[in-house]
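# Breakdown of the fold
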Amino acid sequence: MAAQRAYTTHPLVLRRVTVRRVHEVTPRMRRVVLGGDDLAAFTRDGTAHPAFAAPGFDDHIKLILASDGDVRAALPAQLPHGIEWTPAEHRLTRDYTPRRVDHRAGELHLDFVVHGEGPAEAWSASAREGDELWFVGPKSSLRLPERLDWILLIGDETALPAIGRFFDERPLDAPAHVLVTVSDDAARQELALRDGDTITWVVAEPGDAAALEAAVRALPAPEGEGFAWAAAESRALLPVRRYLQRERKLPKDRVNITGYWHREEAAAPEAPGTADAAQGPAEIPSPLPWLVARAALQLGVVDAVADAPGLSADALAARLGVPAPGIGVLLPLLAAYDVVVGADDGAGLRLGQAGEELTDDHEREEYTGHEAELLLALAHLAPALRDGTSPWRLASGVTLHDTVTDDADRYGELVEECEQLVFLLAGLTADPLWENVGTCLLTGPGSASVVAALDDAGRRPRLRIAEEATPAEVLRGLITAPDRIDWTAGPADVAVAAKALAHRTDEEAARLLTRLAEWTGTAVLVEASRPDGLSPHAAEAALHAYTATGSPLRDSAAIAALAERSGWSVDRTIALGWGTEATVLRRA
């Protein structure tokens, strides 16, 4: 989480529009023009919602479709200040960038690549005047740096709406250098280029990573301060990201790369020794690929091969300081899982497709970050369940709270996990409880997001943060203007504990709530109280929570029980969306 956020947040509103007209932009792109009262400010179920706003050239909205045709059953619940994605078996969602927003005409233009597959493209193919479409968003807009000498725009056909909108609205005056891969010359579009801009069209199959990387490498490197924006098939962008960050040395805050779609691949190779699923009952997946990938990342194998492709096995061993027999054990397995290949072809080692994915920081967190450590702790699940304790405590000897309190990197990961809170906190910052608040006490890894949300809402209470030394230092480095904050605990009109309970056992949570009662008569607990209805891992949420704390995911009743145990009573609960709630407590 950067000290200065690069995004502007927007209220999340469910909107209904209808088709006004459809036309073909090119043989490869269909435009659907939508309109409706919901694009202006409107009121639904007694709640007023603002007019649709999508100021960023690459903003995206989430279209809501249904595999069984019953879209109404797939719609999320609209909250006064957000969206709750309730479970819906047949819901399909797809993200699309508005090509144009015409507020005067009350119209929204969406462009769909014509490729003959996918629910959104199928909807656009059959769209007729009067057909309805529901969508949510955008939740945020990218803020470009104020001073740039150039901007690089890279994409495939799916990125053309954003690129076209960039040139139509021109959010900055710096020269723009554009690279677009298209499957056919007929997909080219006229763009509103200016003097100093350049554009390169490359004909390549959709998702062709090699063609995209080669074309990006062929672009000249402009002088001065720049920004690179890229959107295409997710895997095809991995070598582009690696090139821009590792070779061109662009800082992370000067690169914005987004996978707009994901190409379906053939099934990954099975672990050696596993049975063919077609020959018998489905088997529980082996953890071997995960453990091998983790070892490769920990040893530096992936980074070494990424930085110096063509190494021999012996050269790799020497480079890493690992005995050659050890590398010899690892390489055949890495080749089987397409992480590192080429040991036997004479050309030297290079990254396979899975290895390319592991160069991405977010992908590798699954194997080396906090989530990975929690997963390893599950080796102690059976005895933990038997003893009524957390797997983490059995694995490490201390609670997770004690671990992160003394480890800046681990606490930083918790803070990063809380980044999405800033999109959910409008329901809290709009609550009347702030009307007479002069001082607010904050605690928990979500504190940085609460500060940002208060700033966005124009709330300016005096802020204090109550955290141990290491967590406080982490938060100090991530909050804009930290000198305005009193970094000592003390009396306050309200205390906000943002995700402060998620890494605490029940006993530790009760102690925290007891401490808060010494400083304030009103406290707010911001916690995930149920699985996110959009998450593919919702079923694992309770186990994840139990691994960390020894308690399942705490629902409203469990949080209320903890509060009453610590001398508080529940005043009310504010639904924030995505399974997150703010529980307002009053001192009993």
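These numbers come from a predicted model, not from an experiment.

## Section: the sheet that holds strand β23 (residues 494–498)
- Spatially, 6 strands are ordered β22-β21-β23-β24-β26-β25 in an open sheet, and the strand pairing comes out mixed. Among the strands making up the open sheet, the edge pair consists of β22 (462–465) and β25 (568–577). In this sheet, neighbouring strand axes are inclined to one another by 20 degrees on average, regardless of whether the strands run parallel or antiparallel.

## Quick look at the nonpolar core
- Residues Leu428, Trp434, Val496, Val524 and Val526 are the most contacted members of the largest nonpolar core, which totals 42 residues.
- If one sorts the elements of this core by residue count, helix α18 (residues 447–456) sits on top with 5 residues.
- Discounting residues that sit within four places of it in the chain, Val526 has contacts with Leu421, Leu425, Leu428, Val496, Ala497, Ala498, Lys499, Leu576, Thr580, Glu581 and Ala582.
- Ala304, Ala317, Leu330 and Tyr367 belong to the second-largest nonpolar core, a separate cluster that totals 27 residues.

## Focus: helix α16 (residues 408–417)
- What α16 keeps buried is the set Arg410, Tyr411, Leu414 and Val415. Each buried residue of α16 lies within a common arc of 150 degrees when the element is viewed along its axis, so the set occupies one face.
- Backbone nitrogen of Asp409 and a side-chain oxygen of the N-cap are separated by 3.1 Å at the start of α16; the cap is Asp407.

## What about the side chain of Arg294?
- Positionally, Arg294 belongs in helix α6 (residues 288–299).
- The exposure class assigned to Arg294 is buried, which follows from its relative accessible area of 9%.
- Leaving out residues up to four positions away in the same chain, Arg294 has contacts with Tyr367, Thr368, Ala372, Glu373 and Leu376.

## Some thoughts on the pattern of salt bridges
- Under the defined criterion, the tally for this structure stands at 39 salt bridges.
- Ionic pairing is found between Arg530 and Glu84, a salt bridge with its closest N-O pair at 2.9 Å. Here the residue Arg530 occupies a position in the loop between β24 (522–528) and α21 (541–549), and Glu84 occupies one in strand β8 (residues 82–84), the gap between them amounting to 446 residues.
- Here Glu84 falls in the buried class, since its relative accessible area comes to 6%.
- Among the salt bridges present, the one from Asp303 reaches Arg364, with a minimum N-O distance of 2.9 Å. Residue Asp303 is found in helix α7 (residues 301–307), and its partner Arg364 is found in helix α11 (residues 361–368); the two are separated by 61 residues along the sequence.
- Relative accessible area serves as the criterion here: at 14%, Arg364 is assigned to the buried category.
- A network of salt bridges, in which partner residues are shared, links Arg246, Asp303, Asp307 and Arg364.

## Observations regarding the environment of Pro206
- Counting through the fold element by element, Pro206 comes out in the loop between β16 (198–203) and α4 (209–218).
- Between the C-alpha atom of Pro206 and that of Thr181, which follows or precedes it by 25 residues, the distance is 7.9 Å.
- With residues near it in sequence (within four places) discarded, Pro206 still touches Ser183, Trp261 and Arg263.

## Structural notes on the sheet that holds strand β3 (residues 29–35)
- Taking strand neighbours across the sheet as the criterion, the 7 strands line up as β9-β6-β12-β2-β3-β11-β10 in an open arrangement whose pairing is antiparallel. A single partner strand is all that each edge strand has here, and the edge strands are β9 (91–96) and β10 (98–102). Averaged over all pairs of adjacent strands, the angle between their axes in this sheet comes to 35 degrees, without regard to strand direction.
- Pairing of β10 with strand β11 (residues 107–113) involves 4 bridges; the strand directions are antiparallel. Each residue of the ladder has a partner; that of Pro98, found in β11, is Leu110.
- Contacting β2 (14–26), β3, β6 (61–66), β9, β11 and β12 (132–136), helix α2 (residues 119–126) crosses the sheet at an angle of about 75 degrees to β3.
- Strand contacts of helix α3 (residues 160–169): β3, β10 and β11, with the helix running at about 45 degrees to β10, the strand carrying the most contacts.

## Points about the pairing of β6
- Burial analysis of β6 places 6 of its 6 residues in the buried class, which makes it a mostly covered element.
- By the alternation rule, side chains of β6 split into Ile61, Leu63 and Leu65 and Lys62, Ile64 and Ala66, which are all buried.
- Across 6 bridges, β6 lies against β9 in antiparallel orientation. Counted as the bridge partner of Leu65 is Leu92 from β9.

## Some words on unusual backbone geometry
- A cis amide bond, omega 0 degrees, links Gly137 with the succeeding residue Pro138.
- Counting through the fold element by element, Pro138 comes out in the loop between β12 and β13 (140–142).
- The backbone phi angle of Ala481 is positive, close to 55 degrees, even though this residue is not glycine.
- Following the sequence through the fold, Ala481 ends up in the loop between α19 (469–476) and β23.
- For Ala481, a relative accessible area of 44% translates into the label partly exposed.
- Phi at Trp578 takes a positive value of approximately 55 degrees, unusual for a residue other than glycine.

## What to know about the packing of α6 against α11
- Relative to each other, α6 and α11 sit at 110 degrees, their axes nearing to 9 Å. Taken together, the axes of α6 and α11 lie roughly perpendicular to each other. Of the two elements, α6 crosses α11, and the hand of that crossing is left-handed. Residues Trp290, Ala293, Arg294, Leu297 and Gln298 of α6 form the contact with α11, whose own contacting residues are Arg364, Glu366, Tyr367 and Thr368.
- Looking at the contact of α6 with α11 residue by residue, the class counts come to 4 nonpolar, 2 polar and 3 charged.

## Details of the confidence of the model for the protein chain
- On average, the protein chain scores 91 in pLDDT, and the residues at 70 or more come to 96%.
- Between residues 1–5, whose pLDDT stays under 50, and residues either more than four places distant or in other chains, the model counts 16 contacts.
- Taken as a whole, residues 266–279 scores under 50 in pLDDT and shows 11 contacts with residues more than four places along the chain or in a different chain.

## As for the packing of aromatic side chains
- If you walk through the whole model with that rule in mind, you get 9 aromatic pairs.
- Taken together, a centroid distance of 5.5 Å and an interplanar angle of 85 degrees make the contact between Phe52 and Phe135 edge-to-face. Separated by 83 residues along the polypeptide, Phe52 in the loop between β5 (47–49) and β6 and Phe135 in strand β12 bring together distant segments of the chain. Neither Phe52 nor Phe135 differs from the other in exposure class; each is buried.
- Geometrically, the ring pair formed by Phe112 and Trp123 is tilted, given 6.0 Å between the ring centres and 45 degrees between the ring planes. Placement of Phe112 in strand β11 and of Trp123 in helix α2 is noted, with a sequence separation of 11 residues between them. By the burial criterion, Phe112 is buried, and Trp123 matches it.
- Three or more aromatic residues joined by ring pairs form one cluster here, namely Phe57, Phe166, Phe167, Trp229 and Tyr260.

Rules used throughout
Residues numbered from 1 in each chain as written. Predicted model: local features only at pLDDT ≥ 70, side-chain atom pairs only at ≥ 80, totals over all residues. Heavy atoms only, no water. Pairing = 2+ DSSP bridges. Helix = DSSP H or I, 4+ residues; strand = E, 2+ residues; numbered from the N terminus. Axes fitted to C-alpha atoms, helices over the stretch in contact; angles between N-to-C directions. Core = buried A, V, L, I, M, F, W, Y, C linked by side-chain atoms within 4.5 Å. Buried < 20%, exposed > 50% of the residue type's maximum accessible area, 1.4 Å probe, protein only. Contact = heavy atoms within 4.5 Å. Arc of directions from axis to C-beta. Polar contact = N/O pair within 3.5 Å; in protein donor to acceptor, adjacent residues only side chain to side chain. Salt bridge = Lys/Arg side-chain N within 4 Å of Asp/Glu carboxyl O. Parallel < 35°, antiparallel > 145°, perpendicular 65-115°, else oblique. Left-handed = near helix turned anticlockwise from the far one by under 90°. Nonpolar A, V, L, I, M, F, W, Y, C, P; charged D, E, K, R; others polar. pLDDT = per-residue confidence, 0-100. Phe/Tyr/Trp six-rings, centres within 6.5 Å; stacked < 30°, edge-to-face > 60°.

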